[in-house]
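# Residue-level structure breakdown
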Amino acid sequence: MTKLAELARLIRSKNAGPFQLTFDIMFERPEIYDRVKKSGAVTRDIVAQSYNILPKDVLFFYCDNALAIKASIPRPFSQGDLRDSDGHGGQQYAPLMDIEIP
Amino acid sequence: MMDEMRILSPSSVCGSGFLEKSFETALSWQPHFIGCDGGSTDPGPSYLGSGKSVFPRQAVMRDLRLMLIGARKLKIPLMIGSSGTAGGDVHLAWMFSILKEIAATESLRFTVALIHAEQDKKYLKRRLKQGRITPLDPAPEFNAKVIDRSERIVGMMSTEPFLRALDAGADVVLAGRASDTAIFSGLPIQHGFDPGLAWHVAKILECGAAAVVNRKTPDCMMAFLRKDCFEVEAPDPTLRCTPQSIASHSLYENADPFFLVESSGTLDLTESRYQAVNERRVRVAGSKFIPAKHYTVKLEGAEKAGYQSVMIGSIRDPFIIRQIDSWVSRLKERIRIRIEMVYGKTLKHTDYVLNIRIYGKDGTMGPLEPVKQTAAHELCLLFEITAATQEIASTIAGIMRHQGLHLPIPEWSGLITALACPYNPAHFDRGAVYRFNVNHVVKPKDPCEMFPMDLFAVSGARVRRIAK
């Protein structure tokens, strides 16, 4: 098993507009991207679990062209609202780093 | 029809900068127009709410000066969208004042169009009543009351208002809130280029050189749009575009990487093909544009959430750290009781919002944080109080400080001081704070009806309004 953070060239989060968060998991080489994709370890359900939300609220994509996996979720609070803690949504990706890839 | 349209995007945002040398190289490639956006929602609701701009005046002036001089030298259009960060009337006026100062200093002559994006509240209420305002997903509740309490609501214009400005003779277009891509896609589509390619090239251009492999600072990007493909290359010879870097760019700040929704339709990237022309240039083909059934304009609005005071205090005592959640809830209760003593019945507990963030535990992720137990040996607490006036917020902050300092724990007997406060005074007043309150679209009767235009002839320091 290897942690996703050791295989990806970049894992990041960002606002997709003021009401959604989006996560990009990007890879350097096609072999590594294929390995992760085929492992079935990175899924809509895992993303939902990582953030304690429902799978139906997760948008999930494999982007073969970009060698990337992408997921988007609703923000718990809209960008900049009173209880929001991350205006740009840039520090929300850490839980994805620990996903174990066979 | 022309064979190739060359488009220059000097920077990701006017005010964030670009290298002068890159810009000169790009001009030598003879672009047909220059486009740049001046903002987005990315900096947060405060700018739309307060009317301020996120980039300093001097920084915007430096970028705009180079763009304007370059565009006038080549006699090509310069189009700026989302002026002054949020693209309201006050932001547009700010951008125009910078443009006028540059024109006067540099003795430049041109016609400029100002396109307004701030929405008339009566117009929005009428469209709402007609059922022509509908929510996107997710969206907050939107009704006439929300319209009334908004500080400002802007519509995100698409290509049509830009083209109307150019058709009216504008050399320079300063637009209020605009779709970043619309700045770049309108003119090529008007010249007969494929809409799928035009919207896709626009999507890559809108962030300047952000789509290169090795961006060092914000810089220029150039696109070469042809009948059946487009190519992109950064003028700085040390920057490289690769098929992967260009394909990846459609992921950035988009919820869906394959379908990008615009006013007049959806850009479909599912069949886009990316190919290296050389080690720095990429060719793209196969992108499609699916026209929408109904033309829609996205709204962005901000309202005042209140006035805020904040205080920072940290904790090093392991006894307090191990019971931090109960300590914080006991503290909240003590603050509530003390507020009642001070204000009596004149202030209800729903009249203020008290928020205590615990850094070292879940300060960064809040409810999304999967780690529930902190292993930290110290915690930083950020106390926030938001109320209807600054005076109330500030008063409660004073109460909060004193209650927090001395809240006891069972492990110690005697008076404790539980918080280390790095600042004196311990709290500071932040003034008005805002929230976004709309994520809806309007179905207008005409793409330009929400975006009135003013036209001015500028000659050095002289500015004359032209009849439309």
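Residues numbered from 1 in each chain as written. Chains lettered and ligands numbered in written order. Predicted model: local features only at pLDDT ≥ 70, side-chain atom pairs only at ≥ 80, totals over all residues.

## With respect to the overall build of chain B
For chain B, the helix and strand inventory stands at 13 helices and 21 strands. Seen along its three principal axes, the alpha-carbon backbone of chain B occupies a region of about 85 × 50 × 50 Å. Here chain B holds 468 residues, and the buried ones make up 47% of them. Within chain B, counting contacts between residues at least 6 apart in sequence, those at least 24 apart form 76% of the total. (Helix = DSSP H or I, 4+ residues; strand = E, 2+ residues; numbered from the N terminus. Buried ≥ 20, exposed ≤ 12 C-beta atoms within 10 Å, placed from the backbone. Contact = placed C-beta atoms within 7 Å.)

## So, the interface of chain B and chain A
The interface of chain B with chain A comprises 34 residues on the first partner and 37 residues on the second. Broken down by secondary-structure element, the contributors of at least two residues to the side of chain B that touches chain A are helix H2 (45-50), helix H10 (243-249), strand S16 (352-359) and strand S18 (427-436) of chain B. Among the residues forming the side of chain B that touches chain A, the class breakdown is 16 nonpolar, 13 polar and 5 charged. (Nonpolar A, V, L, I, M, F, W, Y, C, P; charged D, E, K, R; others polar.)

## Re the environment of Arg 83 of chain A
In this fold, Arg 83 of chain A is placed in the loop between strand S5 (68-74) and helix H4 (94-97). Taking the C-beta count within 10 Å as the criterion, Arg 83 of chain A has 13 such neighbours and is therefore assigned partly exposed. Once you skip the residues sitting within four places of it in the chain, Arg 83 of chain A turns out to touch Phe 77 of chain A together with Asn 355 and Gly 366 of chain B.

## Re the nonpolar core
All names here are of chain B. Counting residues in hydrophobic clusters, the biggest one holds 127 residues, and the most contacted among them are Val 173, Leu 174, Val 201 and Ala 223. With 7 residues, helix H9 (residues 195-205) is the largest single contributor of residues to this core. Beyond its immediate sequence surroundings of up to four residues, Val 201 is in contact with Ile 7, Phe 184, Ala 223, Leu 225 and Phe 230. Among the nonpolar cores identified, the runner-up in size contains 25 residues, and Tyr 352, Ile 396, Ala 418 and Ala 426 belong to it. (Core = buried A, V, L, I, M, F, W, Y, C linked by C-beta atoms within 7 Å.)

## Considerations on the packing of helix H7 (residues 159-167) of chain B against helix H8 (residues 180-190) of chain B
All names here are of chain B. Relative orientation of the contacting elements H7 and H8 amounts to 60°, with a least axis distance of 8 Å. Where H7 crosses over H8, the handedness of that crossing is right-handed. Along its contact with H7, which presents Thr 159, Phe 162 and Leu 163, the element H8 presents Ala 182, Ile 183, Ser 185, Gly 186, Ile 189 and Gln 190. Residue composition of the contact of H7 with H8, by class: 5 nonpolar, 4 polar and no charged. (Axes fitted to C-alpha atoms, helices over the stretch in contact; angles between N-to-C directions. Left-handed = near helix turned anticlockwise from the far one by under 90°.)

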